[in-house]
Amino acid sequence: MQPTNIGRHEVGRLEMITGPMFSGKSEELIRRLKRARIARQRVACFKPDIDLRYHRTAIASHSSQTHDADTIPPSSDRLREELFTNNKIHEVDVIGLDEVQFFDHHLIPFALELVHLGKRVILAGLDTTFANEPFGPVPNLMALADEVTKLSAVCMTCGAPAIHTQRLGQSQELVVVGAAGLYEARCRAHFQPYIDEHQSEQLELPTVSR
Ligand code: ADP
Ligand code: MG
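What you are looking at is a predicted structure, and each value in this text was computed from that prediction instead of being measured.

Attention shifts here to the site of ligand 1. Taken together, 15 residues lie around ligand 1, and F22, K25, E27, H62 and V154 are the ones closest in. A distance of 3.1 Å separates an oxygen atom of ligand 1 from a polar atom in the backbone of S23. K25 is positioned with one of its side-chain polar atoms (N or O) 2.7 Å from an oxygen atom of ligand 1. Here ligand 1 loses 76% of its free accessible area of 580 Å² to cover by the protein chains. Here the shell around ligand 1 is composed, by residue class, of seven nonpolar, six polar and two charged.

See below:
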């Protein structure tokens with residue numbers, strides 16, 4: 001007879017949605033969160049307070065889909081505070097977080113902590129910067145996730161699948177907020193990493209337009 005319940009206990013799940021800008025990460029996060037709500041699961045959603053020009057209280061995709069979200073500074077301590085104050089954590093089954101590339105590396109153990117509390121954690125974020133460097137905690141989170149969905153966009157030069165985020169123009173600013181028209185998706189053949197000789201050491205925080 002097959003034994004049942006061998007070693008079974010409630011564990012959650014870490015899902016990572018990644019890819020370049022315009023690849024549909026926010027759309028996919030919104031889709032999963034909406035389906036979780038249809039399944040009557042309790043959902044909490046957060047996004048960093050970096051680009052608030054379009055929506056203060058929602059994540060939004062380039063195709064104008066939205067899902068309610070709390071806006072917080074991109075710090076895992078702050079996320080912990082949001083989830084654990086007043087024991088909110090016990091009222092949540094699914095935790096969604098967009099633009100995770102802007103969070104610090106403490107997000108990595110914190111995400112796993114949430115998983116061990118039985119939560120389904122769904123994270124969306126860019127895997128590489130416009131300089132083609134790994135972006136914040138995303139590559140580590142990809143390695144540790146139960147499931148990784150790596151999306152591609154459409155290359156704006158040739159229409160092929162695009163895995164890169166091309167920064168357009170020669171802006172000297174490292175942080176460009178809400179930069180519609182400053183980035184586009186490109187395939188390997190048409191991607192040229194942005195390199196500024198004087199500032200390449202500091203290239204780490206390009207801000208995306210959603
Ligand atoms: P991400 O969060 O990955 O930046 P979004 O979910 O916000 O992506 O937006 C995806 C949507 O962007 C697509 O469904 C499409 O409507 C639109 N879009 C605009 N430019 C492109 C492109 N180059 N490739 C694919 N989709 C694009
Ligand atoms: Mg997005």
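Continuing now.
With that settled, consider the side chain of T18. With respect to the helices and strands, T18 occurs in strand β1 (residues 13-19). Of the residues examined, T18 reaches a relative accessible area of 0% and is grouped as buried. At 2.8 Å, the side chain of T18 forms a polar contact with the backbone oxygen of G125. Ignoring any residue separated from it by four or fewer positions in sequence, one finds T18 in contact with S23, K25, G125, L126, D127, V138, M142, V148, T149, K150 and L151.

Another aspect to go through is helix α3 (residues 107-116). What α3 keeps buried is the set L107, I108, F110, A111, L114 and V115. Tucked into the core, α3 has its buried residues touching β1, α2 (76-84), β6 (94-97), β7 (120-126) and α4 (138-144). In the segment just after α3, G118 is the residue with positive phi, at about 95°.

At their nearest, the axes of α2 and α3 sit 9 Å apart, and the two run at 25° to each other. If you check the angle between α2 and α3, you find them roughly parallel. Considering the relative orientation of α2 and α3, their crossing is left-handed. Between α2 and α3, the contacting residues are S76, L79, R80, L83 and F84 on the first element and L107, F110, E113 and L114 on the second.

Further remarks concern the sheet that holds β7. The strand order β5-β2-β6-β7-β1-β8 describes an open sheet built from six strands, whose pairing is parallel. The open sheet has two edge strands, β5 (70-72) and β8 (147-150), and neither has a second partner. Geometrically, the sheet is characterised by an average inter-axis angle of 20° between neighbouring strands, direction not taken into account. Looking at chain direction, β1 and β7 are connected through seven bridges and run parallel. What sits directly across from E15, in β7, is I122. In the packing of helix α1 (residues 25-38) onto the sheet, contacts are made with β1, β2 (43-48), β6, β7 and β8, and the angle to β7 comes to roughly 165°.

Once that is clear, we can look at the pattern of salt bridges. Considering all chains together, one arrives at 13 salt bridges under this definition. We note a salt bridge from K88 to D70, for which the minimum N-O separation is 3.7 Å. Of this pair, K88 sits in the loop between α2 and β6 while D70 sits in strand β5, and the two are 18 residues apart along the sequence. Under the relative-accessibility criterion, D70 is labelled partly exposed at 34%. One salt bridge connects E82 with R78, and the closest N-O pair in it is separated by 3.4 Å.

Rules used throughout
Residues numbered from 1 in each chain as written. Chains lettered and ligands numbered in written order. Predicted model: local features only at pLDDT ≥ 70, side-chain atom pairs only at ≥ 80, totals over all residues. Heavy atoms only, no water. Near = heavy atom within 4 Å. Polar contact = N/O pair within 3.5 Å; in protein donor to acceptor, adjacent residues only side chain to side chain. Areas by Shrake-Rupley, 256 points an atom, 1.4 Å probe, with all protein chains shown as cover. Nonpolar A, V, L, I, M, F, W, Y, C, P; charged D, E, K, R; others polar. Helix = DSSP H or I, 4+ residues; strand = E, 2+ residues; numbered from the N terminus. Buried < 20%, exposed > 50% of the residue type's maximum accessible area, 1.4 Å probe, protein only. Contact = heavy atoms within 4.5 Å. Axes fitted to C-alpha atoms, helices over the stretch in contact; angles between N-to-C directions. Parallel < 35°, antiparallel > 145°, perpendicular 65-115°, else oblique. Left-handed = near helix turned anticlockwise from the far one by under 90°. Pairing = 2+ DSSP bridges. Salt bridge = Lys/Arg side-chain N within 4 Å of Asp/Glu carboxyl O.

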